[in-house]
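Inside the fold
These are the residues of each chain, in order.
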Amino acid sequence: LVEFNCFYSCFALEAVKLSDNMGLIDDCLFEGCRSLTTVDMPLRLKKIGRRAFAGCSSLRSLILPVGTSSIGLDAFFGCSSLSRIAIPKRLTEIEDLELFSGCDSLKEISFGGDERLFENITRGRAITVQRSDLTVFTPKILFMDLKDEI
């Protein structure tokens, strides 16, 4: 068990491999880890907690595991170098559609499902990003429409 904010503001932390048995990345777990560039996500991940990666300004890309179903409030707030993220089609909850605020470099979100499924998750609203200079933009969404594995 890796508890709430145990790596909070570990400025020297650059890479982490999480146990494949981890189902939860707890609230604020890596918040403020500004040197974190690489996260090897756990295969059994179900939920990313609130502000889990907030302020991880060196994180460039993330691939969320297939079973990830929930992303908490401000999970990626201030990840200013994050340019790409892959989100699985099994995602059922995004606690706040502004989860990418401050992700100034975000260009692309790859979603494992189709547009209809994505609209169900976002309740028909667009995911927008407020940059640190207060301008707002909408990143490109790629719909992968992946089939379930047997």
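Report on the accompanying structure. (Residues numbered from 1 in each chain as written. Predicted model: local features only at pLDDT ≥ 70, side-chain atom pairs only at ≥ 80, totals over all residues. Heavy atoms only, no water.)

With 40 residues, the main nonpolar core has Ile-25, Phe-30, Phe-53, Phe-76 and Phe-100 as its most contacted residues. Broken down by secondary-structure element, the contributors of at least two residues to this core are strand S7 (84-87), strand S9 (108-111) and helix H1 (115-122). Discounting chain neighbours no more than four positions away, the residues touching Phe-100 are Phe-76, Leu-82, Ile-85, Ile-87, Leu-106, Ile-109, Ile-127 and Val-129. (Core = buried A, V, L, I, M, F, W, Y, C linked by side-chain atoms within 4.5 Å. Buried < 20%, exposed > 50% of the residue type's maximum accessible area, 1.4 Å probe, protein only. Helix = DSSP H or I, 4+ residues; strand = E, 2+ residues; numbered from the N terminus. Contact = heavy atoms within 4.5 Å.)

Our next topic: the environment of Leu-45. With respect to the element layout, Leu-45 can be found in the loop between strand S3 (38-40) and strand S4 (47-48). Sequence separation of Leu-45 and Thr-135 is 90 residues, and the distance between their C-alpha atoms is 33 Å.

What follows is about the packing of aromatic side chains. Throughout the structure, instances matching the rule amount to 6 aromatic pairs. Of the aromatic side chains, those joined through ring pairs into one cluster are Phe-7, Phe-30, Phe-53, Phe-76 and Phe-100. Between Arg-34 and the ring centre of Phe-11, over which it is positioned, the NZ or CZ distance is 3.8 Å. In this structure, Arg-131 packs its charged tip against the face of Phe-137, placed 4.0 Å from the ring centre. (Phe/Tyr/Trp six-rings, centres within 6.5 Å; stacked < 30°, edge-to-face > 60°. Lys NZ or Arg CZ within 6 Å of the ring centre and 35° of its normal.)

It is worth spelling out the sheet that holds strand S2 (residues 24-25) at this point. Strand order across the open sheet formed by 4 strands is S2-S4-S6-S8, with parallel pairing between neighbours. The sheet terminates laterally at S2 and strand S8 (93-94), the two strands that pair on one side only. Both S4 and strand S6 (residues 70-71) contribute to a ladder of 2 bridges, which runs parallel. Paired with Lys-47 across the two strands is Ser-70, which belongs to S6. (Pairing = 2+ DSSP bridges.)

What follows is about the pairing of S7. Of the two faces of S7, only the one carrying Ile-85 and Ile-87 is buried; Arg-84 and Ala-86 on the other face are not. Where strand S5 (residues 61-63) lies against S7, 3 bridges are found, and the strand directions are parallel. Within the sheet, the bridge partner assigned to Ser-61 lies in S7 and is Arg-84. Note that S7 and S9 share 4 bridges and pair parallel. What sits directly across from Ile-85, in S9, is Ile-109.

Turning our attention to the sheet that holds S9. Pairing in this open sheet of 4 strands is parallel, and the strands run S5-S7-S9-S12 from one edge to the other. Taken across any chain shown, the strands that pair with only one partner, and hence form the sheet edges, are S5 and strand S12 (140-143). Taking the axes of each pair of neighbouring strands and ignoring which way they run, one obtains an average angle of 15° across the sheet. Note that S9 and S12 share 4 bridges and pair parallel. Bridged to Glu-108 within S12 is Lys-140. (Axes fitted to C-alpha atoms, helices over the stretch in contact; angles between N-to-C directions.)

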